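# Fold and geometry: a report
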Amino acid sequence: MSAPPSSRSSTVKRRLPTIQWRSRPALVAALLAIELGVAVADYFTGLEYSIDVFYLIPIALAVWFLGRSPGVAFAVASAAASFAMNGLPKVAGSRLPVVSWNAAILLVFFLVVVWILSHVRRLHRQLEQRVQERTAALCTEIVERERLEKALLSVSEAERQRIGHDLHDSLGQQLTAAALACKALMERSSDAATTARAAGAALALVEDCIDLARRLARGLAPVQVTTAGLMEAFEEFADTASECLGVDCRFVCNVPVLIPDPTTATHLYRIAQEAINNAVKHGNAKRIVVQLAKTEAGTVLEIADDGVGLPEPLPTGHGMGLRVMAHRATMIGATFTIRRATTGGTVVTCTVP
């Protein structure tokens, strides 16, 4: 059975330095052979034909594959070989300074080429590293996005199950009681007083059913498709949270904040809903303030509570609710932050530019 991909890649990474170390002497030998071949050709061509440019082949390969220092060494060796092949055996003593000067200029040229190539090589390595880092970041982001999508699907399924239970346990029972009251009304139609009481009870049950149905409908579609729908939804949700969760929940909006995009408004509502649920469930908060404001940075939603606050340090991976809130903020191009308040409790902030 073959090894898994992760173990194979780790094995390759462990063997890579050994392979590079073993190939380095072979590469040096090959470059020396190339330089020697150029030097021999330079000797036979004489002074009339210059082939000094071919010395750049081993120099460039040395810089690119071995580094700057080996490139400098090959540049010095190439200049010395050019001086030896063109100067010492062929030139009279009177022209030796000229040949020496030419060799020095050639050495400077080779060193400039080494510097340029080493700089290009360094930029190339940096670009490769940035590409690898960016690729790794994109892979991590894709994995996180897939995990969040699964989490959202799980949350959606849990929400559907909760609504189903609410319909069965609350609205179904209320309608059953209303049906029984109507049946009793029919059986007692001979007594006017009894009939009136039964009718009143049936009417109260039906009104409760209507109110409960409206609450369930608001849970499914909390934000009205109007520019002021988010403010109205927050006011109603604050009242519902105060009544059902047993906390003092208030909505503060000093200046009307109009959000024409229903998708943005819905995500902001869900972020506030999750933050309030976390404050009550995990933070034991008794007072929660939901504030919606318009600033220079954009539309700011802030949920502050007086609970126990966030643990320090924050647990690795955070919680599912925090990741879902951050993901919702990302979907609408907003920034999401969560911090411990100076007076205790937690402050959740979402800013839509």
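Preceding block: the structure.
Residues numbered from 1 in each chain as written. Predicted model: local features only at pLDDT ≥ 70, side-chain atom pairs only at ≥ 80, totals over all residues. Heavy atoms only, no water.

What follows covers the sheet that holds strand β3 (residues 298-305). Strand order in the open sheet formed by 5 strands is β1-β2-β3-β5-β4, with mixed pairing between adjacent strands. Single-partner strands in this sheet number two, and they are β1 (248-252) and β4 (335-340). If you compare each strand with its neighbour and ignore which way they point, the axes differ by 10° on average. Bridge analysis of β4 against strand β5 (residues 346-352) gives 6 bridges, and the strand direction is antiparallel. Looking across to β5, one finds that I338 is bridged to V348. (Pairing = 2+ DSSP bridges. Helix = DSSP H or I, 4+ residues; strand = E, 2+ residues; numbered from the N terminus. Axes fitted to C-alpha atoms, helices over the stretch in contact; angles between N-to-C directions.)

Using the criterion set out here, one finds 3 salt bridges in the structure. The salt bridge partner of D248 is R287, with a shortest N-O separation of 3.9 Å. Here D248, found in strand β1, pairs with R287, found in strand β2 (residues 287-295); they are 39 residues apart in sequence, far enough to count as distant. Taking relative accessible area as the criterion, R287 reaches 38% and is therefore assigned partly exposed. (Salt bridge = Lys/Arg side-chain N within 4 Å of Asp/Glu carboxyl O. Buried < 20%, exposed > 50% of the residue type's maximum accessible area, 1.4 Å probe, protein only.)

Here we take up the nonpolar core. F234 and I303 are the most contacted members of the largest nonpolar core, which totals 35 residues. The contacts of F234, once residues within four sequence positions are left out, are F251, L268, Y269, A272, V290, L292 and L301. Of all hydrophobic cores here, the second largest spans 18 residues; its members include V38, A39, A75 and L106. (Core = buried A, V, L, I, M, F, W, Y, C linked by side-chain atoms within 4.5 Å. Contact = heavy atoms within 4.5 Å.)

Now for the packing of helix α6 (residues 229-245) against helix α7 (residues 262-281). At a minimum axis distance of 11 Å, the contact between α6 and α7 shows a crossing angle of 20°. With respect to each other, α6 and α7 are oriented roughly parallel. In the crossing of α6 with α7, the sense of the turn from one axis to the other is right-handed. Residues L230, A233, F234, F237 and L245 of α6 form the contact with α7, whose participating residues are A265, L268, Y269, A272, Q273, I276, N277 and V280. (Parallel < 35°, antiparallel > 145°, perpendicular 65-115°, else oblique. Left-handed = near helix turned anticlockwise from the far one by under 90°.)

Our next topic: helix α3 (residues 68-86). Between the first and last C-alpha of α3 there are 27 Å, a value that for 19 residues agrees with the 27 Å anticipated at 1.5 Å per step. When we look at burial in α3, the residues that qualify are P70, G71, F74, A75, S78, A79, A81, S82 and N86. (Expected span 1.5 Å × (residues − 1).)

A rise of 1.5 Å per residue sets the reference length of α6, with its 17 residues, at 24 Å; its end C-alpha atoms lie 23 Å apart and thus fit the reference within 8%. Listing the buried residues of α6 in full gives G229, L230, M231, A233, F234, F237, A238 and A241. Structurally, α6 contributes buried residues whose contacts are with β1, α7, β2 and β3. Downstream of α6 by one or two residues, G246 has phi in the positive range, about 70°.

A contiguous nonpolar surface patch, about 1100 Å² in accessible area, is contributed by I34, V53, F54, I57, L61, W64, F65, V108, V112, W115, I116 and V120. At the level of secondary structure, the elements contributing two or more residues to the nonpolar patch comprise α2 (56-66) and α4 (96-187). Of all the elements, α4 adds the most residues to the nonpolar patch, at 5 residues. Structurally, F65 can be placed in helix α2. (Patch = residues over 30% accessible without salt bridge, like charges linked within 9 Å, V, L, I, M, F, W, Y side chains within 5 Å. Areas by Shrake-Rupley, 256 points an atom, 1.4 Å probe, with all protein chains shown as cover.)

All quantities given are derived from atomic positions and should not be read as evidence of function.
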